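Secondary and tertiary structure notes
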Amino acid sequence: MKRSSGKTAVRGEVRELSMLFEISEILRQSMDLHEVVGPVLEAMAKHMGMVRGTITLLNRQTGEILIEAAHGLSPSQRERGRYQLGEGVTGRVVATGRPAVVPRISEEPLFLDRTGARKGLSRDDISFICVPIKLGNKVIGALSADRLFSEEVSFEEDVRLLSIIASLIAQSVRLRQSAEEERQRLIEENIRLQEELRERFHPANIIGTAKVMQGVYDLIAQVAKSDATVLIEGESGTGKELVAHAIHYHSLRATKPFVRVHCAALPDTVIESELFGHEKGAFTGAIAQRKGRFELAQGGSIFLDEVGDLSASTQIKLLRVLQEREFERVGGRTPITVDVRVLSATNKDLRGLAEAGEFREDLFFRLNVVTLEIPPLREREGDVELLVRYFLSSFGGQGKRKTVTDRAMAVLKAYPWPGNVRELKHCLENAVIMSEGEEIDEGDLPRAFREACQEREKERSLAAMQEADEMDLDGALDEVERRMIVRALERTKGIQVDAAHLLKVTPRSLRYRMRKHGLQG
Ligand SMILES: Nc1ncnc2c1ncn2[C@@H]1O[C@H](COP(=O)(O)OP(=O)(O)O)[C@@H](O)[C@H]1O
Ligand SMILES: [Mg+2]
């Protein structure tokens, strides 16, 4: 800027302001830095006569400083403009965070002219000004420009102006970054919502949103429409029968019968006639012809529950039905053909039994076209609470519906439920009867539960101790202390004198420790 007279100085200031205004307008127009820096540098050229304006940004991963945008450089010149941190004038500005001015680039050995843009120009006449672009106190790049050398140019003015522009650019980078973060957040949100949408395929009656159950629901949706033979595996009470139902009622056979056979409950001789029926006089007591369950399931699904308990001879007959879709009634000769989808369930390790020769391997493979494994309740995070509410609201009839206290819920959540959902359901049925008021409290739950919970609590604190003490002895001891105090207070129903006695400390010391752990309201 020439400062020859007051008048031109004012004119210069007006020009400067209108340039800054124009630049901030440009920066506002787009979130994409690549789109805006070109016009910004153009404005600098137009208003200030600064040529070869360049914006370089530091790549923090590689430590390289790359030209992000440039005005008056060809693409190949830009491509050559790579520096390392600390290298050249630009590199030094980025490294130190301080502006640099090279009045005559011909006299500055640091000036690398990597881009080669100034070849052929009389280098004597060119000044180079470079200022850092900072986000907070982090240098993220540099803004530089050439201008023709002139004795009358105030470099401080140029540095000041470039610094203002650099800070405008930095703000726009910051905006761009938060826009990018917002975009990421939206993407994540979208994924979550899609997951939630998937949860909507939720077979009726099957309560639970645990992640481990999603796979089960997905698979039900996937196999339902096919005629695939499905083996449902899971501990007792996990809902295998419920799942078999869901598959049938979401299948094309939904309007046809769903017939269950409990393979473990019937003696060998009975089960064959149950499955395949019998002719009149097939055995003593067979006074009339009787259709078996396969026939009754015609067009629908048959559910072989506890299929692992079938005897060897029934296994062979079942295998034949699966292979040929054909069988005879007990005591009969005429082959009967049925169109039945086979679903089966077991709480045994059927593969293991097959490998050990205790279950026919060929039958196992026929039954196990698709396996659906139902996780035990203790692995379904969050589902106990949902199931408790569901069951309590479903036990109608007894007048007002009961709720559980927080303490009781904590016990229910901590209990490992070896009998899974069935056990939970029975437990609540009992508790509803046992509890006198409207609420089910800890005391209305079986004693064994509370003990199991205390046991688990103990294991947890041990685990916490082991986990913590690798890093932090005091932290681990603190944690153990806190847990012991809580347990003692629970046992003594909050009576501090008794709790102190249990813990073998003075009441005063207990109070002190409680305060330390924020256990005093
Ligand atoms: N996810 C669930 N939501 C609601 N009720 C369930 C659920 N899982 C199991 N139940 C109920 O628990 C009991 C046992 O389920 P069931 O399907 O018979 O288990 P399994 O056949 O695996 O032993 C049934 O009363 C069933 O309705
Ligand atoms: Mg069952």
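So, a few notes on the structure that sits alongside this text. (Residues numbered from 1 in each chain as written. Chains lettered and ligands numbered in written order. Predicted model: local features only at pLDDT ≥ 70, side-chain atom pairs only at ≥ 80, totals over all residues. Heavy atoms only, no water.)

All right, on to the packing of aromatic side chains then. For the structure shown, the criterion picks out 11 aromatic pairs. Aromatic pair Phe391 and Phe395: ring centres 6.3 Å apart, planes at 10°, arrangement stacked. Their ring planes at 80° and their centres at 5.1 Å tell us that Trp417 and Phe449 sit as a pair that is edge-to-face. Residue Trp417 is found in the loop between α14 (406-414) and α15 (420-434), and its partner Phe449 is found in helix α16 (residues 447-469); the two are separated by 32 residues along the sequence. The residues Trp417 and Phe449 share a single accessibility class, namely buried. Linked through ring pairs, Tyr249, Phe258 and Phe303 together constitute an aromatic cluster. (Phe/Tyr/Trp six-rings, centres within 6.5 Å; stacked < 30°, edge-to-face > 60°. Helix = DSSP H or I, 4+ residues; strand = E, 2+ residues; numbered from the N terminus. Buried < 20%, exposed > 50% of the residue type's maximum accessible area, 1.4 Å probe, protein only.)

With that settled, the discussion passes to the pairing of strand β15 (residues 370-373). Residue alternation in β15 divides its side chains into a buried set, Val370 and Leu372, and an unburied set, Thr371 and Glu373. The pairing of strand β7 (residues 230-233) with β15 spans 4 bridges and is parallel. Considered in β15, the bridge of Glu233 is made with Glu373. (Pairing = 2+ DSSP bridges.)

With respect to the element layout, Leu387 can be found in helix α13 (residues 383-394). Accessibility expressed as a relative area gives 3% for Leu387, which makes it buried. Spatially, the C-alpha atoms of Leu387 and Ile206 are 9.4 Å apart, while their sequence positions differ by 181 residues. With residues up to four places along the chain from it excluded, the contact list for Leu387 reads Ile207, Leu377, Val421 and Leu424. (Contact = heavy atoms within 4.5 Å.)

What follows deals with the site of ligand 1. Residues in contact with ligand 1 amount to 17 residues; listed here are only the nearest, Ile207, Gly237, Gly239, Lys240 and Arg422. With respect to ligand 1, the backbone of Lys240 contributes an N or O atom lying 2.8 Å from an oxygen atom. Because more than half of its atoms lie within 2 Å of the grid, ligand 1 is assigned to the second largest pocket. The class makeup of the residues in the shell around ligand 1 is 7 nonpolar, 5 polar and 5 charged. Domain assignment of the residues forming the shell around ligand 1 places at least three in each of domain 2 (203-375) and domain 3 (379-516). (Near = heavy atom within 4 Å. Polar contact = N/O pair within 3.5 Å; in protein donor to acceptor, adjacent residues only side chain to side chain. 1 Å grid on protein atoms, 1.4 Å probe; cavity = no way out; pocket = protein on both sides within 12 Å on 5 of 7 lines; lining within 4 Å. Sits in = over half its atoms within 2 Å of the grid points. Nonpolar A, V, L, I, M, F, W, Y, C, P; charged D, E, K, R; others polar. Domains from an automatic or database assignment.)

Below, the discussion takes up the pairing of strand β1 (residues 51-59). Among the 9 residues in β1, 7 count as buried, and that is most of the element. For β1 and strand β6 (residues 138-148), the ladder comprises 5 bridges, and the chain directions are antiparallel. By the bridge assignment for β6, Val51 is matched with Asp146. Sheet topology places β1 next to strand β2 (residues 64-70); 6 bridges connect them, and they run antiparallel. Note that in β2 the partner of Leu57 across the bridge is Leu66.

With that settled, consider the environment of Glu385. Of note, Glu385 is situated in helix α13. Glu385 gets classed as partly exposed once you look at its relative accessible area, which sits at 24%. A sequence separation of 25 residues divides Glu385 from Ala410, and the C-alpha atoms of the two residues are 9.2 Å apart. What Glu385 contacts, discounting residues up to four positions off in sequence, is Met409 and Lys413.

Counting residues in hydrophobic clusters, the biggest one holds 34 residues, and the most contacted among them are Ile23, Met44, Leu143 and Ile165. Secondary-structure elements contributing two or more residues to this core are α1 (6-29), α2 (33-48), β1, β5 (126-135), β6 and α5 (155-199). Those residues in contact with Leu143 that sit more than four places away from it in its chain are Leu41, Met44, Thr54, Ile55, Ile129, Cys130, Val131, Ile133, Leu162, Ile165, Ala166 and Ile169. Membership of the second largest hydrophobic core comes to 29 residues, among which are Leu231, Val261, Phe327 and Leu367. (Core = buried A, V, L, I, M, F, W, Y, C linked by side-chain atoms within 4.5 Å.)

Our next topic: the side chain of Arg380. For Arg380, the location among the structural elements is in the loop between β15 and α13. Buried charge without a salt bridge: Arg380, with Asp383 as the nearest opposite-charge side chain at an N-O distance of 4.9 Å. Among the polar contacts made by the side chain of Arg380, one reaches the main-chain carbonyl oxygen of Thr238 at a distance of 3.0 Å. With residues near it in sequence (within four places) discarded, Arg380 still touches Ala210, Val212, Met213, Thr238, Ile374, Pro375 and Val421. (Lys, Arg positive; Asp, Glu negative; His and termini not counted. Salt bridge = Lys/Arg side-chain N within 4 Å of Asp/Glu carboxyl O.)

With that settled, consider the layout of surface pockets. Reported here for the largest pocket is a volume of approximately 930 Å³. In terms of lining, the largest pocket is formed by 24 residues, of which the most central are Val411, Glu442, Cys453, Gln454 and Glu490. Listing elements by their share of the lining of the largest pocket, those giving two or more residues are α14, α16 and α17 (473-491). No other element matches the 8 residues that α16 contributes to the lining of the largest pocket. Grouping the amino acids of the lining of the largest pocket by side-chain chemistry returns 5 nonpolar, 2 polar and 17 charged. Taken as a whole, the second largest pocket encloses approximately 570 Å³ of empty space. In terms of lining residues, the second largest pocket is bounded by 25 residues, among which Gly237, Gly239, Leu242, Val421 and Arg422 are the most central. Listing elements by their share of the lining of the second largest pocket, those giving two or more residues are α7 (240-249), β8 (258-262), α13 and α15. Counting the residues that make up the lining of the second largest pocket, at least three belong to each of domain 2 (203-375) and domain 3 (379-516). (Points joined across faces, edges and corners; volume = space filled by probe spheres on them.)

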